Amino acid sequence: MIWKYICGSASSPLSVSFSERPRDGQVIFNSGVYLIGVKSGLLALSARCPHLGCQLAYNAADRRFQCPCHGSQFSLKGHRLKGPAKKEMTVLELRQDHECEGYKVIF
Ligand code: FES
């Protein structure tokens, strides 16, 4: 079964689909978006580093996001752990979309 957790229509600024719902603590990536299962539900984070925009990689062993360009690191919830980035990862708005039985990410 294919699950669509993020989807959208022509009016949506971004449409991203995921083939599975992440369990608590699980991280899934698609099209520049990390979808993370958290106790309260789902968390969507932009994979763009808040320092200069490189794409963050998820390190499953350390359970953190790492920037390959200058070494910034972020927690599973996007909190800054190590610089040079001064900001947290960008939390994307998730909206449940009843038309596609999923969620929309709003940038
Ligand atoms: Fe990520 Fe510089 S672009 S730390």
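Look up: the structure comes first, before these words.
Residues numbered from 1 in each chain as written. Predicted model: local features only at pLDDT ≥ 70, side-chain atom pairs only at ≥ 80, totals over all residues. Heavy atoms only, no water.

**Some points on the overall build of the protein chain**
For the protein chain, the helix and strand inventory stands at zero helices and nine strands. Mapped in sequence order, the helices and strands of the protein chain form the string β-β-β-β-β-β-β-β-β. Counted over contacts in the protein chain with a minimum sequence separation of 6, partners at least 24 positions apart contribute 34%. Just so you have it, the protein chain exposes about 6,400 Å², and 48% of that area is on carbon and sulfur atoms. (Helix = DSSP H or I, 4+ residues; strand = E, 2+ residues; numbered from the N terminus. Contact = heavy atoms within 4.5 Å. Areas by Shrake-Rupley, 256 points an atom, 1.4 Å probe, with all protein chains shown as cover.)

**Quick notes on the side chain of Ser46**
Relative to the helices and strands, Ser46 resides in strand S3 (residues 41-46). At 3.1 Å, the side chain of Ser46 and the backbone nitrogen of Arg48 are in polar contact. Setting aside its immediate chain neighbours within four residues, Ser46 contacts Gly32, Met89, Thr90 and Leu92. (Polar contact = N/O pair within 3.5 Å; in protein donor to acceptor, adjacent residues only side chain to side chain.)

**Examining the environment of Ser31**
Looking at where Ser31 falls in the secondary structure, it is placed in the loop between strand S1 (27-30) and strand S2 (33-38). Distance from Ser31 to Ser46, taken between C-alpha atoms, is 9.5 Å for residues 15 residues apart in sequence. Of the polar contacts made by the side chain of Ser31, one reaches the side chain of Asn30; its length is 3.1 Å.

**Brief notes about the pairing of S3**
With six of six residues buried, S3 is to be regarded as a mostly interior element. In this structure, S2 lies alongside S3, joined through six bridges in antiparallel fashion. Across the sheet, the residue bridging to Val38 is Gly41, located in S3. Between S2 and the antiparallel strand that follows it, S3, lie two residues. (Buried < 20%, exposed > 50% of the residue type's maximum accessible area, 1.4 Å probe, protein only. Pairing = 2+ DSSP bridges.)

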